Amino acid sequence: MLLPYFQALEAGSIGEAIRDSTWLFPFIEAFHLVGLAVVGGAVLLVDFRLLGLGLRRQPVAELARDAQPWLIGGVLFMIGSGVPLFLAEAIKCYYSFAFWTKMAALALAIIFSFTVRRRVALAGEARVTPFWMRVVGATSILLWSTVGWGGRWIGFS
Amino acid sequence: MILHNLLQWMADTPWSVGLHESRYAYSIVESVHVWTLCIFVGFAVFLDLRLLGVTLKGVPVSQITERILPWTKVAFVLMVISGVLLFFAIPLRTYHNVFFRLKAVLLIAAALNAWVFHNGGMYRRLAEWDNDAVTPRAAKLAGAFSLALWVAIIFSGRMIAYNWFDCDKPEPAVIDLLAGCVR
Amino acid sequence: MRRQLIAAAAALLITAGAGPARAHHAFAAEFDAKQPVKFEKAVVTKMEWTNPHTWIHVDVTMPDGRKEAWAIEAGTPNVLFRRGFTKDALLPGTAIVIDGYRAKDGSHRANGRNLTLPNGQTLFLGSSGTGAPEEKR
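The notes below deal with the structure included here. (Residues numbered from 1 in each chain as written. Chains lettered and ligands numbered in written order. Predicted model: local features only at pLDDT ≥ 70, side-chain atom pairs only at ≥ 80, totals over all residues. Heavy atoms only, no water.)

1. Looking at the side chain of Thr94 of chain C
Residues and elements named next belong to chain C. In plain terms, the rule: In DSSP terms, a helix is any run of H or I states spanning at least four residues, a strand is any run of E spanning at least two, and both are numbered starting from the N terminus. Polar contacts, as counted here, are pairs of nitrogen or oxygen atoms within 3.5 Å of one another; within protein the pair requires one atom able to donate a hydrogen and one able to accept it, and residues that are adjacent in sequence qualify only if both atoms are side-chain atoms. Whether two residues are in contact is decided by their heavy atoms: any pair within 4.5 Å suffices.
Structurally, Thr94 is set in the loop between α3 (77–83) and β4 (95–103). For Thr94, the side chain forms a polar contact with the main-chain oxygen of Leu91, separated by 2.4 Å. When residues no more than four places from it in sequence are discounted, the contact partners of Thr94 are Ala42, Val43, Val44, Ala89 and Pro118.

2. Quick notes on the pairing of β4 of chain C
Residues and elements named next belong to chain C. Rules: For two strands to be treated as a pair, DSSP must find no fewer than two bridges joining them.
Taken together, the seven bridges between strand β1 (residues 31–48) and β4 define a ladder with antiparallel strand orientation. When the bridges of β4 are listed, Ala42 appears paired with Ile96. In terms of strand pairing, β4 meets strand β5 (residues 109–116) through six bridges, oriented antiparallel. Bridge pairing links Ile98 to Leu115 in β5.

3. Topic: the packing of aromatic side chains
What counts, and what does not: Ring geometry is summarised as follows: Phe, Tyr and Trp rings, the Trp one being its six-membered ring, pair when their centres sit within 6.5 Å, and such pairs are stacked at plane angles under 30 degrees, edge-to-face over 60 and tilted between the two. Working definition: with a 1.4 Å probe on protein chains only, accessible area under 20% of the residue-type maximum means buried, over 50% means exposed, and in between means partly exposed.
Counted according to the given criterion, the structure contains 25 aromatic pairs over all chains. Measuring from centroid to centroid gives 5.7 Å for Phe48 of chain A and Phe43 of chain B, while their planes differ by 70°, and the two rings are edge-to-face. Of the two residues, Phe48 of chain A sits in helix α3 (residues 24–50) while Phe43 of chain B sits in helix α3 (residues 25–51), which places them in two different chains. Using a relative accessible area of 1% as the deciding quantity, one classes Phe48 of chain A as buried.

4. A short note on the packing of α3 of chain A against helix α10 (residues 137–159) of chain B
The criterion, for reference: All axes are obtained by fitting lines to C-alpha atoms, using only the stretch in contact for helices, and the reported angles, taken between N-to-C directions, cover 0 to 180 degrees. Convention used here: angles under 35 degrees read as roughly parallel, angles over 145 as roughly antiparallel, angles from 65 to 115 as roughly perpendicular, and any remaining angle as oblique. Throughout, a crossing is termed right-handed when the near helix is turned clockwise from the far one, and left-handed when it is turned anticlockwise from it by less than a right angle. Classes in brief: Ala, Val, Leu, Ile, Met, Phe, Trp, Tyr, Cys and Pro nonpolar; Asp, Glu, Lys and Arg charged; the others, Gly included, polar.
Running from N to C, α3 of chain A and α10 of chain B cross one another at 135°; their axes reach a closest spacing of 9 Å. Here α3 of chain A lies oblique to α10 of chain B, going by the angle between them. Seen from above, α3 of chain A lies across α10 of chain B with right-handed handedness. Along its contact with α3 of chain A, which presents Pro26, Phe27, Glu29, Ala30, Phe31, Leu33 and Val34 of chain A, the element α10 of chain B presents Val151, Ile154, Phe155, Arg158 and Met159 of chain B. Split by residue class, the contact of α3 of chain A with α10 of chain B holds ten nonpolar, no polar and two charged.

5. Observations concerning the packing of α3 of chain A against helix α4 (residues 60–88) of chain A
Residues and elements named next belong to chain A. Where α3 contacts α4, the two axes come as close as 8 Å, and the packing angle between them is 155°. Taken as axis vectors, α3 and α4 run roughly antiparallel relative to one another. The handedness of the crossing between α3 and α4 comes out as left-handed. Residues of the contact of α3 with α4, tallied by class, amount to 23 nonpolar, five polar and two charged.

6. Quick notes on the pattern of salt bridges
Cut-off, in case you're wondering: Every case where a carboxyl oxygen of Asp or Glu lies within 4 Å of a side-chain nitrogen of Lys or Arg is listed as a salt bridge.
On inspection of all chains with the given rule, the structure shows 13 salt bridges over all chains. Residue Arg109 of chain C pairs with Asp168 of chain B through a salt bridge whose shortest N-O separation is 3.3 Å. Of the two residues, Arg109 of chain C sits in strand β5 while Asp168 of chain B sits in the loop between α10 and α11 (173–179), which places them in two different chains. The class of Arg109 of chain C is buried, set by a relative accessible area of 11%. Shared partners join several salt bridges into a network, and the residues in it are Glu16, Arg19 and Asp20 of chain A together with Lys34 of chain C.

7. Remarks on the state of the cysteines
All names here are of chain B. Rules: Note on terminology: disulfide denotes any pair of cysteine sulfur atoms within 2.5 Å.
Applying the stated rule across the entire model yields one disulfide over all chains. Covalent S-S linkage joins Cys167 and Cys181, the inter-sulfur distance amounting to 1.9 Å. Because the sign of the S-S torsion sets the handedness, a value of about -85° for the bond joining Cys167 and Cys181 places this disulfide among the left-handed ones. One end of the pair, Cys167, is in the loop between α10 and α11; the other, Cys181, is in the segment after α11, with 14 residues separating them in the sequence. For the pair shown, Cys167 and Cys181 are each scored as buried.

Geometric values such as these leave the question of function open.
Shown next as structure tokens:
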């Protein structure tokens, strides 16, 4: 199955370097947390608006356009910091149900955000009813929360 | 020494011991602390970016302060409560932790920065620059400081967990001094 | 008002994404995967059932007969209970076999891996999510 690949990834030089270092893992992890705040803000600003909360007077398309580079950048940053963390303990992740949940939810969240949510947000109030906006906003929050819960439970499985 | 004894007394209370040895409560408190951080810092980041004229340039600053900041206040209160509980669970080690001390100093600086911004004359004249993409210099500084401080706070908070400079091991004199190790 | 409460709950949910960083209390920051230790003759002196890590204090009889005091770090109380430990399992005086990885700072501390109780039962001690080597089911 996939186990040999995970073993090879963990044994690679990046994983090795992080395990050998005292401070690298904590440092990268802290960066991962900062990225999380940025993604959280970028996602919630738009999702709140879709739910009819927060910056209600702004057209949802305008908010979505403003937030998009930060969402993309934030997610890339989190992937960039998450991969080294993964490489340091790939085998543990392999055996973790929470890890697979997180990855599946992450893929779904990214796809959803850059297809359905993006189209609905950019189409705006003129073309989408408040009901469907709320459905999209709620779905987005649910998907990203699942990423989060999956991540949290990796450490408690 | 009085403070040390007070913290020792705190550590011996049933509530502190209960939280310290809890099966679920400690994890929940810790989770709340990090979750609310995500909301609070996430939204604060976007206010700061607006003040710096980097994003949300079409949004009046007052819209953000009136409609987004209330959410951050709720998150902040929960962050403080959970943070206090985390301290209360392990008072002595936390008090003597250099990263905790750094975080406390940075938190005070961030609070001061926010207070100065919200109570300054420039903020009272918000209507004059509310819609400007390029905000007054003082606003930009407030935004920049806020960003830098909260990133540093997240870092120092994360490092509290590690025992690199704990007082229960021999430490260089400067660490002893900074951490207030009682030897 | 109700919508705002729902949104608040949702926002809290989404920020549960903050979880992973908290859960990965890095093994490598304090312990060395290249310095395994195994103590065949360890006797529990004190047990700290604390968060974020439990600590098992033992007196170890070394091969040359000397006694050394060691502290073994393990997972949270909840994690240990779920693996089958009970609060009675590690009372002072219990003879155990324990292996793990030494602290990087050279102190008498180790991150625990496997613990064998007097009745022969072996339980995994590790803090899940530490990045310790070869964590297997």
